[in-house]
Every structure is written in structure tokens, then in C-alpha cells.
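# Close look at the chain arrangement
Given next are the chains, with one letter for each unit.
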Amino acid sequence: MGIYYIIGIIGVFFVFIAFIISNNKKYGKYLFDEIFNFLGSFLLSIYAFNGRMWPFFVLNIFWIIWSIKLFFSEKKLKKKKNNKKKVLYIDMDGVIVDFQSGVNTLSDEEKIKNEGKYCKVKDIFSKMKPIDGAVNAVKKLSEKYDVYILSSPGWDNASAWSDKYNWVNEYLPFMRKRLILSNHKNLNKGDYLIDDRYANGSEKFYGELIHFRSIKYKDWDSVLDHLL
Ligand SMILES: [Mg+2]
């Protein structure tokens, strides 16, 4: 058996391995299929050249070029995918907004009248202050994550919708186009949700729910320790 014949057989074997790998997702993502494609077509081109099989030789040269092109384009794609930031949602009330600070601005009479339903008081959300460390934490997290604010506005208080926008515009202006108001937080795809309640869809969130004010995540420092 001649040496070129053996080279041809090894070439076919490599191409076969490339075919198996490319049909297997687990191995396919490691670019091995393009490497075996390259090696296989290279050996087959030597075999074709020796046998003066010019059409087969030309075909293999194209095959070599194609496998190199695929290798670099997949590598680029993989790098792009790895560089993609994870999506992080942050709730407002009780997480970055101090709800009680808004309640404190009400008169005694208003407090008695609205007890248990403060979220329905007109303009109350515009009077709230940020929670300690929240503004800085959102800025830090935005460097590493693709951050959105995901809040549930009260359905019986129309001013809550504009107040929330104005609040974000005042304290976190770079987030104003990243404000999502929804009572179905589970419909938002993402990796993390920082929320202080298991309600309005947060309990069904697909990613990791970071329960703010729980024993594990009692403040922003503990949340940043986990995420940064
Ligand atoms: Mg909340």
C-alpha cells in the first residue's frame, strides 16, 4: 500500500470525524470540526495531487479555504457571544427607591386617610428618595451587566407611571430609556432580577431572583458582593 493511499485514507477519516463533530452540539461548539475539516481536505488534496486528479484537487483546495474561513468566523462569533453582557433587572420600590420616604412627606391627616393604600396616593412616588447605596450600585452594575429597571406601577394611580419615569430621570438619567413598567415581570427574559417581593411575576422569573432585604441580601453591599 503506497504512502499516498494511506494519506488519502487518513484524510477521509478526518473528514468523517469532522462530520460527526459538527452534528454533535456538545463538540461542535469547540471549533474542532473545522480543524478536522482542514486536516482532512489538506491530506486529500495531497492524495489528489499525487494521483493527478485535478478536479478533486481543486475541490479540496476550495474545501481548505472554506474550512479556514469557517474557523475564523466561528471563533469571532464565539468571542462576541462570550463578551455579551448578562441581562439584569432591578425593581424600584424597596430596592432602589425608599418607599417610606414618600410616606413620610404626607400630613398626619393624609396618612390616616390612606393607611394601607399609600401606593394609590397621587404624586407620592415623585417624593421618594433613593435607598442608601442604590444609585452607586446601579452605576457599578451597569459597567458589567446589561441593566434595566423593571417596576410594577399601581393600576389605580396614574401618576405613578410618570412619577417613576421622572424619578429615574432625576436620579439615574442614563437609565431613563431602560425603564420597563410591567405587572408581569416573568415575561422579561434575563439572567438576574433584584426584587424585594415575590409578586407581579418576580416569583416566576426564569433567571436568578436576588431577594433584596432577605438575610442573604440585606443591603446593596451584599448584592454587589454577589454580582461583581
Ligand atoms: Mg419592590
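Residues numbered from 1 in each chain as written. Predicted model: local features only at pLDDT ≥ 70, side-chain atom pairs only at ≥ 80, totals over all residues.

This part takes up the overall build of the chain. When helices and strands are tallied, the chain shows nine helices and seven strands. A globule of 228 residues ought to have a C-alpha radius of gyration of about 17 Å, yet the chain, at 29 Å, is considerably larger. Each principal axis of the C-alpha distribution contributes one length, and for the chain these read about 100 × 30 × 30 Å. (Helix = DSSP H or I, 4+ residues; strand = E, 2+ residues; numbered from the N terminus. Rg over C-alpha atoms; globule rule 2.2 N^0.38 Å.)

Domain boundaries in the chain define domain 1 (3-83) and domain 2 (87-227). Taking the mean C-alpha position of each, domain 1 and domain 2 sit 53 Å from one another. (Domains from an automatic or database assignment.)

Moving on: unusual backbone geometry. A negative phi holds for most residues other than glycine; trans holds for most peptide bonds. One non-glycine residue, Arg-52, adopts positive backbone phi at about 55 degrees. With respect to the secondary-structure elements, Arg-52 resides in the loop between helix 3 (32-50) and helix 4 (54-83). In the Ramachandran plot, Asn-200 falls in the positive-phi region, its phi being about 55 degrees despite a non-glycine side chain. Summarising the element assignment, Asn-200 is placed in the loop between strand 6 (192-195) and strand 7 (208-211).

The next point concerns the sheet that holds strand 5 (residues 179-181). Taken in spatial order, the five strands make up an open sheet running 5-4-1-6-7, and their pairing is parallel. Two strands close off the open sheet at either side, each with one partner strand: strand 5 and strand 7. Adjacent strand axes in the sheet meet at a mean angle of 25 degrees, parallel and antiparallel pairs treated alike. Of the strand pairs in this sheet, strand 1 (residues 87-90) and strand 6 are connected by three bridges, and their pairing is parallel. Across the sheet, the residue bridging to Tyr-89 is Leu-193, located in strand 6. Seen against the sheet, helix 8 (residues 158-171) touches strand 4 (146-151) and strand 5 and runs at an angle of roughly 160 degrees to strand 5. (Pairing = 2+ DSSP bridges. Axes fitted to C-alpha atoms, helices over the stretch in contact; angles between N-to-C directions. Contact = placed C-beta atoms within 7 Å.)

Bringing the nonpolar core into the picture now. Ile-90, Ile-96, Val-138 and Ile-194 are the most contacted members of the largest nonpolar core, which has 33 residues in total. For this core, the elements supplying multiple residues, two or more each, are strand 1, helix 7 (134-144), strand 4, helix 8, strand 6 and helix 9 (220-227). At four residues, the largest contribution of residues to this core is made by helix 7. Other than its neighbours up to four places away in sequence, Val-138 contacts Ile-90, Ile-96, Val-147, Leu-172 and Met-175. Val-15, Ile-21, Tyr-47 and Ala-48 belong to the second-largest nonpolar core, a separate cluster that totals nine residues. (Core = buried A, V, L, I, M, F, W, Y, C linked by C-beta atoms within 7 Å. Buried ≥ 20, exposed ≤ 12 C-beta atoms within 10 Å, placed from the backbone.)

For the pair helix 3 and helix 4, interaxial distance at closest approach is 8 Å and the crossing angle is 165 degrees. Classified by the interaxial angle, the pair formed by helix 3 and helix 4 is roughly antiparallel. Pair helix 3 / helix 4 crosses with left-handed handedness. From helix 3, Glu-34, Asn-37, Phe-38, Ser-41, Phe-42, Leu-44, Ser-45, Ala-48 and Phe-49 reach across to helix 4, where they touch Phe-56, Phe-57, Asn-60, Ile-61, Trp-63, Ile-64, Ser-67, Ile-68, Leu-70, Phe-71 and Glu-74. (Parallel < 35°, antiparallel > 145°, perpendicular 65-115°, else oblique. Left-handed = near helix turned anticlockwise from the far one by under 90°.)

Here we come to the pairing of strand 4. Regular strands place their side chains on alternate faces of the sheet. Where strand 1 and strand 4 come together, four bridges link them in parallel fashion. Considered in strand 4, the bridge of Ile-90 is made with Ile-149. Note: strand 4 against strand 5, three bridges, orientation parallel. The partner of Ile-149 across the bridge, within strand 5, is Leu-179. Considered for its hand, the β-α-β crossover made up of strand 4, helix 8 and strand 5 is right-handed. (Right-handed = clockwise from strand over helix to strand, strands pointing away.)

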